[in-house]
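Now for the letters of each chain:
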Amino acid sequence: MMRRLRLFLANVGHRRPMFPLATPPLGILSLAAYLRTKLDLDIRLVNQRVEDLSDDRLVREIVSFEPDAVGLGALTPFGYLLPSLTRNIRDACPHALIVLGGPHASASREAALRATTADALVVGEGELAFERILQTHFDGGSFGQIPGLIWREPGGEVVTNPGAMPPIEDLDSLPFPAYDLIDVTRYWRVQSQSPVPNRHYVAVSSSRGCPYQCQWCHNLFGKRFRAQSAERVVDEIAHYVKTYGMNDIEFVDDIFNLDRQRVHDFCSLVCKRDLKIKIAFGNALRGDILGEDDVDALAAAGTYFCSLALESGSPRIQQLMGKGLNIPRFLAGVSLAAARGVFTNGALMFGFPTETAEEMQMTIDVAAKSKLHTASIFTVTPFPNTPLYEWAKEHRPEKLKGLRYDEADFNGIHANLSDVPDDVLFHYQRKAHRQFFLNPRRLARILRDSPDRAMIRYAPIFIYRCMKGLVPGLT
Ligand code: B12
Ligand code: SF4
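Residues numbered from 1 in each chain as written. Chains lettered and ligands numbered in written order. Predicted model: local features only at pLDDT ≥ 70, side-chain atom pairs only at ≥ 80, totals over all residues.

Details of the site of ligand 2
Then step 1. Surveying the vicinity of ligand 2 reveals the residues Cys210, Tyr212, Cys214, Cys217, Asp254, Ile255 and Lys323.
Then step 2. Across the shell around ligand 2, the residue classes break down as five nonpolar, no polar and two charged. (Near = placed C-beta within 6 Å. Nonpolar A, V, L, I, M, F, W, Y, C, P; charged D, E, K, R; others polar.)

Points about unusual backbone geometry
Then step 1. Although it is not a glycine, asparagine 198 adopts a positive phi angle of roughly 60°.
Then step 2. You can see asparagine 198 is positioned in the loop between β7 (158-160) and β8 (201-204).
Then step 3. Positive phi outside glycine occurs at threonine 354, with the angle close to 65°.
Then step 4. Locating threonine 354 in the fold gives a position in the loop between β14 (343-350) and α12 (357-369). (Helix = DSSP H or I, 4+ residues; strand = E, 2+ residues; numbered from the N terminus.)

A look at the packing of helix α1 (residues 26-38) against helix α6 (residues 127-138)
Then step 1. Following both chains from N to C, one finds α1 and α6 inclined at 45°, their axes separated by 10 Å at the closest point. When the interaxial angle is binned, α1 and α6 end up oblique. Handedness of the α1/α6 crossing: right-handed. Contacts between α1 and α6 pair Ser30, Leu31, Tyr34, Leu35 and Lys38 from the former with Glu127, Phe130 and Glu131 from the latter.
Then step 2. When the residues that make up the contact of α1 with α6 are grouped by side-chain class, the tally is four nonpolar, one polar and three charged. (Axes fitted to C-alpha atoms, helices over the stretch in contact; angles between N-to-C directions. Parallel < 35°, antiparallel > 145°, perpendicular 65-115°, else oblique. Left-handed = near helix turned anticlockwise from the far one by under 90°. Contact = placed C-beta atoms within 7 Å.)

Observations concerning the site of ligand 1
Then step 1. Taken together, the neighbourhood of ligand 1 is formed by 44 residues, with Gly27, Gly71, Gly73, Gly101 and Gly126 sitting nearest.
Then step 2. Of all the elements in the fold, those that place two or more residues in the shell around ligand 1 are α1, β3 (69-74), β4 (97-101), α5 (103-114) and α6.
Then step 3. For the shell around ligand 1, the element with the most residues is α1, which contributes five residues.
Then step 4. Taken together, the residues that form the shell around ligand 1 break down as 22 nonpolar, 15 polar and seven charged.

Remarks on the domain arrangement of the protein chain
Then step 1. When cut into domains, the protein chain gives domain 1 (5-160) and domain 2 (191-466).
Then step 2. The centre of domain 1, based on its C-alpha atoms, is set 29 Å off from the matching centre of domain 2.
Then step 3. Residue-level contacts link 18 residues of domain 1 with 23 residues of domain 2.
Then step 4. Sort the elements by how many residues they give to the side of domain 1 that touches domain 2 and α5 lands first, with four residues.
Then step 5. In the side of domain 1 that touches domain 2, the residues fall into 10 nonpolar, six polar and two charged. (Domains from an automatic or database assignment.)

Structure below.
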């Protein structure tokens, strides 16, 4: 009898002390769940980031599994690990098919494949493409027939096929992510996107795609919003509650609240089925389209935390950067959420192209007068294959020279595309921390409303951010 094909899937990357976040690796969990409905597979799935595996140990795990195929996903800050990982896997398992996918592969495309010894690279949504790759490979076909695939011909040349795989229209048809392949309780001991410790949560992605045009965005799933029905999302959550005894959900959609009717249907179903869950939005909610009835419904369904991205308080920068946030409506959305007891965190950025010191001050003023409880205050980083990166290449190429993404996060990379020098940029970033946080009323609200007093453990990260640009070498 032929043995089942053995597929090893890994989310590649490390956690750093100043950016210790990790969430369940929904990308490879979704791939695993889908692929095992289509092919006869033995799957082993590893999140290097949470299992704290050294690179050598990860290779050893892969090799000892004796895989027929290996799929590696990574964010751009960990793309640098792929060349040596694939080389070592190739040396030890010369016949295994090696496929790259996920955000870094989608951003760096041909360059990412060329830098490694992998066989093929998938851009964007992975389920249909990976299925075609595995079927083609094990049936002895040619990758030349798979639309949009970037692959290495037998002669070694990297080619990109014309066309693109069709997006999955019916997201309800996808199986629930394969949480059975990981120990979800490990994630309850590390910080998720929402900085609330001690949660018994599962991450859920209920939609793909976003029609907004933020110039820094990676646009992984396209500009067309595709969503699961409210019933499908609630069924998935009910399954987790029953299986894992968890009571907390972290939504990681690009934009959960684009379809307001879906939001309302979802919230009423959660209440009707008495799921007794709490909900956090570490991202996924857009603030200026949050109406009073939306916030009421979300709060009634259990929402207790949300991050709402302001980015800039300048209407000019909002338009220039394609986010086009309506600032008064954003402030109203924040006030509504805060008034319903939802702990609200804001995301701000400094260093947009052509941004002036006055515009940075506008951002500080808007955030400081808002009802946000906390704020994550970053500097702008252009990532490859975003419109922002293309702008920088054309207008400020010198800012891209020497820009490295290795291991770093928004705290550690800066390109400063603004019209002010670095010291002024960092001055405003620090000033934003001071003006925002050193306000007795805000501090009292943080203490009163914080979902978990243990949030104080994140104070060192906050102090680090306040010091950015002040201490030599701390960038
Ligand atoms: C949760 C999350 C995180 C988590 C970790 C996620 C992870 N996978 O490890 C945390 C909080 C740690 C994180 C960190 C960062 N993130 Co983040 N994050 C997300 C978020 C909100 C959800 C990810 C998710 O689960 N999506 C749902 C799943 C189903 O999609 P997916 O993972 O993309 O997987 C699909 C495809 O990519 C593909 N695929 C994935 N893996 C593989 C593997 C193979 C072999 C194949 C074939 C296909 C494939 O198929 C999957 C199914 O279709 C996304 C935005 C979004 N909505 O996707 C941003 C996003 C991934 N993050 C982004 C960024 C910019 C960052 C940071 C760099 C930002 C920063 N703070 O500096 C940091 C990393 C810094 C660091 N040093 O660690 C960018 C991607 C940038 C990039 N080029 O890497 C995204 C896309 C946001 C955006 N729209 O711009 N993030
Ligand atoms: S709202 Fe988020 S997902 Fe949508 S374009 Fe902007 S950054 Fe991308």
